[in-house]
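Close look at the chain arrangement
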Amino acid sequence: MGAQWGDEGKGKVTDMLAERAHAVVRFQGGTNAGHTIVRNGETWTLRLMPSGILHPDKLCVIGNGVVIDPRVLTDELDELRRRGVDTRALRVSANAHLIMPYHMLLDHAGEAKLGKLAIGTTRSGIGPCYADKAARLGIRVQDLLDEKILKKKIVAAIDPKRLSLRPYARDPVLDLQSMTEQYLLYGHVLEPFIADTSRLVLERLDRDEVVVFEGAQGVLLDIDHGTYPFVTSSNPVAGSACIGAGVGPKDIDEVWGISKAYQTRVGSGPFPTELEGPLADAIRDTGGEYGTVTGRPRRVGWLDLVALRYAARLNSMTALAITKLDVLRGLDPIHVCTSYRGSEGAQFDHFPYHQTVLHHVAGEYEQLPGFDEELSGCRSEEELPAAARDYLRFIEEFVGVPIALVGVGPGREQVIWTEAGRGMAGSTAATPA
Ligand code: GDP
Ligand code: IMO
Ligand code: MG
C-alpha cells in the first residue's frame with residue numbers, strides 16, 4: 001500500500017514482488033491511479049491493470065472494490081496487446097462497479113462548483129461512482145451482460161441526478177440508447193475476463209500460493225483516515241484489501257508500505273512539510289514529479305515521519321519500501337520532519353485529528369547529512385554512502401518498521417534488498433536483483 005499521498009512507486013514494487021508470486025490483485029481505486037513500471041528502458045503506465053500483467057503466467061485480478069471505467073480498461077487491454085503483452089490471465093470481478101459517462105461529468109461539475117475549494121481530483125469520475133455504489137444506484141460489471149437490466153439501472157441511476165446534469169442535457173454521452181449500446185459493447189469485449197474473483201484468489205491462498213494485493217493511492221488519501229475532504233473516495237489502507245478482493249483479515253501475512261524518501265502530493269489539501277521555490281523545483285525535476293495520469297506538477301516536500309508513523313499504525317505495516325532515495329543526491333543537509341508545530345506554538349508528535357490544526361501546522365525538522373554520490377548503480381546497502389545508510393536507519397527507528405527494500409532509480413533492477421528484507425517471507429516472492 002501507498003504510505004503517503006500516492007505515487008510512491010507501488011507499480012514498480014508490485015511488479016518486482018509479482019516475479020515469484022502467483023497472483024496480483026487490485027482492490028480499490030480506479031482510473032485515478034497511474035502505476036509506472038520501467039523495464040529495460042521501456043516504460044509502462046497502468047491505470048486499472050494490476051502491475052503483475054507483464055508476467056504472462058500470473059493471475060491478474062481487478063477486484064470488486066475497484067471502480068472500472070470500461071473505456072480505459074478496453075484501451076489498456078488493446079495497448080498492452082499491441083505491445084506484445086499476453087493479457088489472457090486477467091480476471092475482472094463481476095461485482096466491481098462501473099464508471100459511467102455521467103460520473104465523469106459530475107466529477108467535473110463538482111470541482112467547478114467548489115472553485116477555489118476544489119479537491120483537485122483526477123476528474124475520472126471516482127467520487128460520483130463510489131457515491132452511487134453507496135447509494136445502491138451503481139452499475140456493476142455483471143450488468144453489462146444483460147441489456148434489459150443495464151438499461152433499467154442506467155435510468156434509475158440518472159433520474160436523481162437530473163438537476164446536476166441539466167447543464168449537460170444535450171451532451172451526446174448522456175443519450176440512453178447510445179450509452180447502453182456502448183456499454184453492451186464493452187461487456188462483449190470484457191466477457192471472457194469476468195469472473196468470481198474472490199473465489200479465484202481464495203483457491204490460490206488455499207494452495208499456499210503467494211498473492212500480492214496492490215494498493216492504489218495512499219493512506220493520507222484514505223476517505224476515513226486521510227486529510228478529508230482532500231482525499232479520494234475509497235480506502236487505500238491495507239485493511240481494505242480484504243473487502244475489495246473478498247478475502248479475510250487472516251489471509252494477509254505481510255503489509256508493505258511504500259514511501260518515497262521525501263514527500264509529494266497532487267491536488268489540494270494540507271501538506272505540513274511542503275517546500276516551495278528553487279529547492280522544490282530541483283526535487284520535482286530530479287524526481288520527475290509530474291502526474292502519471294494528469295501530467296500535473298506534483299507538490300513536493302521533506303519526508304514527513306509523523307505521517308509515516310501514522311500510516312504504519314493504521315496498516316499494521318510489517319515492512320517499508322523506501323523509493324527514490326537517489327533523488328536526494330546533492331541535498332545537504334537533508335531535512336526530515338519528526339513533529340509538527342501548531343500556529344499557537346503547540347507541538348504535535350502524532351498526526352492531528354482536527355483538520356483545522358493540520359492546515360496550520362508546520363514541520364519541525366531533524367537535519368541529517370546529505371550525500372553527493374550517484375546511487376543509481378548501488379545494489380547493496382554496503383555500496384550506499386554512509387549518510388544515505390544513516391538516513392534509512394533514522395527512518396526505520398523513528399517509524400518502528402524495518403525497511404525491506406530501497407529504490408535507487410526507476411528501473412525494476414534499481415533496488416537494494418536490505419538484510420531485513422531478504423529475511424522476510426514476502427521477499428521469497430521476489431528475485432533480488
Ligand atoms: P505509483 O502510483 O505508486 O505506482 O507511482 P507512480 O508510478 O505514479 O510514480 C512513481 C514514479 O517514480 C514513476 O515514474 C517511477 O518510474 C519512479 N520511480 C519508482 N521508484 C523509483 C526510484 O527508486 N528512483 C527513481 N528515481 N524513480 C523511481
Ligand atoms: P496512485 O495509485 C496520487 C488524488 C487526486 C486528488 C484526490 C482525489 O497513482 O498513487 P480522485 O480523482 O481520486 O477523486 O482525486 O486524490 N489522487 C492521487 N494522487 N496518486 C494517485 O494514485 C491518486 N489518485 C487520486 O490528485 O487530490
Ligand atoms: Mg501513480
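Structural data are supplied above this passage.
This text gives an overview of the structure that appears in the document. (Residues numbered from 1 in each chain as written. Chains lettered and ligands numbered in written order. Predicted model: local features only at pLDDT ≥ 70, side-chain atom pairs only at ≥ 80, totals over all residues. Heavy atoms only, no water.)

**Notes on the site of ligand 2**
The condition is simple: A molecule or strand has a residue near it when one of that residue's heavy atoms lies within 4 Å. Two N or O atoms count as a polar contact when they lie within 3.5 Å, although within protein this holds only if one can serve as hydrogen donor and the other as acceptor, and sequence-adjacent residues are included solely when both atoms are side-chain atoms. To measure how exposed things are, a 1.4 Å probe is used in the Shrake-Rupley method; for residues, cover is taken only from the protein chains shown. By convention here, the domain bounds are inherited from an automatic or database domain assignment.
Close to ligand 2 lie 20 residues, the nearest being Asp7, Lys10, His35, Thr122 and Thr232. Between Thr122 and ligand 2, the recorded distance is 2.5 Å, taken from a side-chain N or O atom to an oxygen atom. A distance of 2.6 Å separates an oxygen atom of ligand 2 from a polar atom in the side chain of Thr232. Calculation on ligand 2 without its partners gives an accessible area of 550 Å², and the protein chains cover 98% of this total. The residues that make up the shell around ligand 2 include at least three from each of domain 1 (97-193) and domain 2 (255-433).

**Brief notes about the coordination of the magnesium ion (ligand 3)**
Heads up, the rule is: The donor set covers N, O and S atoms within 2.8 Å of the metal, switching to 3.2 Å for Na, K and Ca, and it leaves out water, so a site may look short of donors. By definition, any uninterrupted DSSP run of H or I lasting at least four residues is a helix, any uninterrupted run of E lasting at least two residues is a strand, and each is numbered from the N terminus. Categorising residues by exposure relies on relative accessible area from a 1.4 Å probe, with only protein chains included: less than 20% of the type maximum marks a residue as buried, more than 50% marks it as exposed, and the intermediate range marks it as partly exposed.
Distances from the magnesium ion (ligand 3) to its protein donors, namely Asp7 (OD) and Gly34 (O), fall within the range 2.0 to 2.2 Å. Here the residue Asp7 occupies a position in the segment before α1 (10-18), and Gly34 occupies one in the loop between β1 (23-26) and β2 (35-39), the gap between them amounting to 27 residues. Residue Asp7 is classed as partly exposed on the basis of its relative accessible area, which comes to 23%.

**Description of the sheet that holds β1**
Quick reminder of the rule: We call two strands paired when DSSP finds no fewer than two bridges between them. By definition, residues are in contact when any of their heavy atoms lie within 4.5 Å. Every axis in this analysis is a line fitted to C-alpha atoms, fitted for helices over the stretch in contact. Angles between the N-to-C directions lie between 0 and 180 degrees.
The sheet built from five strands is open, its strands ordered β8-β6-β4-β1-β9 with parallel pairing. Two strands lie at the open edges of the sheet, namely β8 (194-195) and β9 (211-214), each paired on one side alone. Relative to β8, strand β6 (residues 90-93) runs parallel, the two sharing two bridges. Residue pairing for β8: Val92 is matched across the bridge by Ile194. Contacts from α1 reach β1 and β9 within the one sheet, and its direction differs from that of β9 by about 175°.

**Brief notes about the pattern of salt bridges**
This is how the line gets drawn: The term salt bridge refers to a side-chain nitrogen of Lys or Arg lying within 4 Å of a carboxyl oxygen of Asp or Glu.
Evaluation of the coordinates by the stated rule reveals 26 salt bridges. Across the pair Asp159 and Arg162 runs a salt bridge, and its minimum N-O distance is 3.8 Å. Arg207 is paired through a salt bridge with Glu209; the nearest N and O atoms lie 3.2 Å apart. Residue classification places Glu209 among the buried positions, given a relative accessible area of 19%. Through salt bridges with shared partners, one network takes in Asp7, Lys260, Glu289, Arg298 and Lys324.

**Overview of the site of ligand 1**
The local shell around ligand 1 holds 20 residues, among which Gly9, Lys10, Gly11, Thr36 and Asp326 are the closest. With respect to ligand 1, the side chain of Asp7 contributes an N or O atom lying 2.9 Å from an oxygen atom. Here Gly407 contributes a backbone N or O atom positioned 3.3 Å from an oxygen atom of ligand 1. Notes on ligand 1: free accessible area 590 Å², of which the protein chains cover 91%.

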